[in-house]
Structures are given as C-alpha cells and as structure tokens.
Protein chains: 2
Amino acid sequence: MSISSPAYPLLLERTLAAPRAAVWRCWTEPELLCQWFCPKPWGVSHAEMELFPGGRFFTHMVGPNGEQVPNPGVFLKVEAGRQLVFTDAFVSAWVPSAKPFMVGDISFADSADGGTHYIARALHWTESDQKQHEAMGFHQGWGAAAMQLEALAASL
Amino acid sequence: MSISSPAYPLLLERTLAAPRAAVWRCWTEPELLCQWFCPKPWGVSHAEMELFPGGRFFTHMVGPNGEQVPNPGVFLKVEAGRQLVFTDAFVSAWVPSAKPFMVGDISFADSADGGTHYIARALHWTESDQKQHEAMGFHQGWGAAAMQLEALAASL
C-alpha cells in the first residue's frame, strides 16, 4: 500500500564555499541565524531553536519599514550536521497553527572541494501555496539568504 | 513572545476497566488495533505502526458496504505507555498530505482502581473541520471505539 502526495516542492541547491560544520552552526545557533536568515534589508531580531523533534523554531522578522513578523514553528527532524526539517503547521508541539503553509527540509553534505552541498526544499500543502511562495520570490529570496549564509559561514 | 492557537479541540475522557499496559498494547500492536479501532460494523483490515516521531501510522478502514478507506499518517510523539500523538497532515515523514485534518493526542494514566484514565483529544486546523468532525459523530464514534478498546484490553 503506497500513497503518494505531490508535496508541491520548491527547491534551492547550491555549493557553498564554507565547511559543512560552519554552515550547520549558522543554521542552528540563534545569534548566527539572525545574521543571515532574511535577505537584507529584512532581518531577524530574535530567534529560538530547540533542536529536537517537536522543539520550538521561532524567528521574529523585521522589515525596513518597521514590519514585525513573528514566525512560530517546530522542528520535525534534526540530524546533527546533516538535515533539518521544520514546519509552520504547528505553533508548538503539537498544536495546529492557523495556517499550515510549508515544510522546510534543509540538507547539508560535504562537497568535493571542502565546501558544502546545500539543498533547501520547501514543501507545501496546496498548489496555490506553492505558486504564491514562488511568486513571493522564493528563488530570489532563498538564494540571497544562501549567499548571506555562505559569507557568514566562511568568516567563522 | 507567546503565540497561541485555538487548536479547535474535541475531547473524550474515560476511565477504562483495564490495566494501562493492556490498553497501551491495544493501541500499539497492529493486530490488536485492528480489532477495536473502528466502531462496528466498520473495521480495520490492515494497520502499520512505526512507534517513533515521523514513523508511519497507517490504517485501512473497511465499511459494511465494501467501503475502502486508507488512512495514512505519521506519529509525532511516542512516550511508551503514556502518550501517543499522530496526524494525517503528512503521508510520510515529512511529506504534506492532501488535507491536514487533525492531530490525535492520546494519553494514558493509571486510575486509582487499577484501571486506565484515558484521554483522547482531536485537534483541528480549522473550526469548520472541528465542527464537521463533531457532526460526523466524534463523541459517539470515539466513545464506541473506546468501549471496544476497553473490552479487548480487559480480555488480554
């Protein structure tokens, strides 16, 4: 018995010129995450991370015109140094959120040149959410954030 | 920073005249689950359970008129003998399903008389899903299933 789902994916794949351990630190230490997670001029003023299934993943995003956007969520999977999976479908373990929008599935592998093979996937519950996410600038936004991530990780 | 969600709960609470260990077995051993999980004349022809976060929780329900209803889902939390949390929001870890309908949160505690204090909660993403679930007969259906569970657990 197999039941599949289209999962409506968006995908960003990059080789980052920074060691995997440093990229992992930038993803999992809140004070580092705040420095790269939003494409400038947006930023993250505060982040909380509990690195286990059901653990809290909270970011508070701030915009250049004073926008304040809290983003609660939870981790679904944490494999140290290798993979992070999280979602906004729950505000905490395991309380449904107002709107399950996406699952983020981030994987990290060593690349041949001492860098990091980085794959960031966003999976959605609906096709309209996938299309909205793409129209909001998924590729540009996550791409810009990945460059900020690379620069920060390379500086550690 | 605290963000709450109404979670749109439905709740069934019972004291079952069967030991907690037996009730836990009936919930977590597929061949036992199949015997009580659906209120008769519905039944479960096949069940699969992987008792860890992200593990598969699949039941195939069959109706008296030949209805065939596969129900894929995943476990979110498994605390042996104490609590099971699962959802249909994912078809597998961690692939969004066509429709995130509910989180099931089942807790088991010893009651004073050697039985089991049993709390089954269904949390929903939307108020309309909560109301639909209630209209579908949540209280009657989960109540009937709990009586089947109690009888089976007491017989072990």
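Residues numbered from 1 in each chain as written. Chains lettered and ligands numbered in written order. Predicted model: local features only at pLDDT ≥ 70, side-chain atom pairs only at ≥ 80, totals over all residues. Heavy atoms only, no water.

A. View of the overall build of chain A. Each helix and strand in chain A was counted, giving 4 helices and 10 strands. Whereas a compact globule of 156 residues would reach a radius of gyration of roughly 15 Å, chain A reaches 15 Å, a difference of no more than 12%. Within chain A, buried positions represent 49% of all 156 residues. Here the contacts in chain A between residues at least 6 apart in sequence split such that 47% fall between residues at least 24 apart. In the structure as shown, chain A presents an accessible area of about 7100 Å², 55% of it carried by carbon and sulfur atoms. Each charge sign in chain A was given a centre, from 10 positive and 15 negative side chains, and these centres are 2 Å apart. (Helix = DSSP H or I, 4+ residues; strand = E, 2+ residues; numbered from the N terminus. Rg over C-alpha atoms; globule rule 2.2 N^0.38 Å. Buried < 20%, exposed > 50% of the residue type's maximum accessible area, 1.4 Å probe, protein only. Contact = heavy atoms within 4.5 Å. Areas by Shrake-Rupley, 256 points an atom, 1.4 Å probe, with all protein chains shown as cover. Lys, Arg positive; Asp, Glu negative; His and termini not counted. Charge placed at Lys NZ, Arg CZ, Asp CG, Glu CD.)

B. The relation of the copies chain A and chain B, seen in detail. For the match of chain A to chain B, the screw axis carries a shift of 0.0 Å, the RMSD comes to 0.0 Å, and the turn is 180°. What the superposition gives is, in effect, a two-fold axis relating one chain to the other. Every residue of chain A has its C-alpha some distance from the rotation axis, and the shortest such distance is that of A:Pro53, at 3.5 Å. Taken together, the interface assignments show that 100% of the residues at the interface of chain A recur at the interface of chain B, consistent with an identical surface on both copies. (Least-squares fit on C-alpha atoms with pLDDT ≥ 70 in both.)

C. Local environment of the sheet that holds strand β2 (residues 43-49) of chain B. Residue and element names in this part refer to chain B. Here 3 strands make up an open sheet; going across it, the order is β2-β3-β4 and the pairing antiparallel. What marks the edges here is a single partner per strand, and that holds for β2 and β4 (68-71). Sheet twist, expressed as the mean angle between neighbouring strand axes with direction ignored, is 10°. The sheet contact formed by β2 and strand β3 (residues 57-62) spans 6 bridges and is antiparallel. When the sheet's bridge partners are listed, alanine 47 is paired in β3 with threonine 59. (Pairing = 2+ DSSP bridges. Axes fitted to C-alpha atoms, helices over the stretch in contact; angles between N-to-C directions.)

D. Highlighting the sheet that holds strand β3 (residues 57-62) of chain A. Residue and element names in this part refer to chain A. On the basis of which strands lie adjacent, the open sheet formed by 3 strands has the order β2-β3-β4 and antiparallel pairing. The sheet is open, and its two borders are formed by β2 (43-49) and β4 (68-71), each paired with just one other strand. In this sheet, neighbouring strand axes are inclined to one another by 10° on average, regardless of whether the strands run parallel or antiparallel. Inspection of the sheet shows β3 paired to β4 by 4 bridges, in the antiparallel sense. Across the sheet, threonine 59 pairs through a bridge with asparagine 71, a residue of β4.

E. Summary view of the UniProt feature "domain: Activator of Hsp90 ATPase homologue 1/2-like C-terminal" (unreviewed entry) in chain A. Per the UniProt record, "domain: Activator of Hsp90 ATPase homologue 1/2-like C-terminal" (unreviewed entry) is found at residues 18-153 of chain A. As annotated, residues 18-153 of chain A comprises 30% helix and 38% strand, and the C-alpha atoms at either end are separated by 6 Å. (UniProt positions renumbered as here; feature names shortened; annotations may be inferred.)

F. Main features of the pairing of strand β9 (residues 102-110) of chain A. All names here are of chain A. Pairing of strand β6 (residues 83-87) with β9 involves 5 bridges; the strand directions are antiparallel. By the bridge assignment, valine 85 is partnered in β9 with aspartate 105. Where β9 lies against strand β10 (residues 116-124), 9 bridges are found, and the strand directions are antiparallel. Each residue of the ladder has a partner; that of valine 103, found in β10, is leucine 123. Hairpin connection of β9 to β10: 5 residues between the antiparallel strands, including glycine 114 at a positive phi of 85°.

G. Layout of the side chain of A:Ser111. All names here are of chain A. Secondary-structure assignment places serine 111 in the loop between β9 and β10. Within polar-contact distance, the side chain of serine 111 engages the backbone nitrogen of threonine 116 at 3.4 Å. With near-sequence residues (within four places) excluded, serine 111 lies in contact with Thr15, Thr116 and His117. (Polar contact = N/O pair within 3.5 Å; in protein donor to acceptor, adjacent residues only side chain to side chain.)

H. Structural view of helix α4 (residues 138-155) of chain B. All names here are of chain B. For α4, built from 18 residues, the straight-helix expectation of 26 Å at 1.5 Å per residue is met to within 8% by its first-to-last C-alpha distance of 26 Å. Taken as a whole, α4 has its buried residues at Phe138, Gly141, Gly143, Ala145, Ala146, Gln148, Leu149, Leu152 and Ala153. Tucked into the core, α4 has its buried residues touching β1 (9-16), α1 (20-28), α2 (30-36), β10 (116-124) and α3 (127-135). (Expected span 1.5 Å × (residues − 1).)

I. Representation of the packing of α1(B) against α4(B) within the structure. Residue and element names in this part refer to chain B. Put simply, α1 and α4 touch, their axes get as near as 8 Å, and they point 115° apart. As α1 runs across α4, the sense of the crossing is right-handed. For the pair α1 and α4, the contacting residues are Ala22, Val23, Cys26 and Trp27 in the first and Leu149, Leu152 and Ala153 in the second. Looking at the contact of α1 with α4, its residues break down into 7 nonpolar, no polar and no charged. (Left-handed = near helix turned anticlockwise from the far one by under 90°. Nonpolar A, V, L, I, M, F, W, Y, C, P; charged D, E, K, R; others polar.)

J. Up close: the interface of chain A and chain B. Each partner contributes residues to the interface: chain A has 26 residues there, and chain B has 26 residues. Joining chain A to chain B, the criterion identifies 0 salt bridges. Sorting the residues of the side of chain A that touches chain B by element identifies β3, β5 (74-79), β7 (90-92), β8 (95-96) and β10 of chain A as the ones contributing at least two each. Class assignment of the residues belonging to the side of chain A that touches chain B gives a composition of 20 nonpolar, 4 polar and 2 charged. (Salt bridge = Lys/Arg side-chain N within 4 Å of Asp/Glu carboxyl O.)

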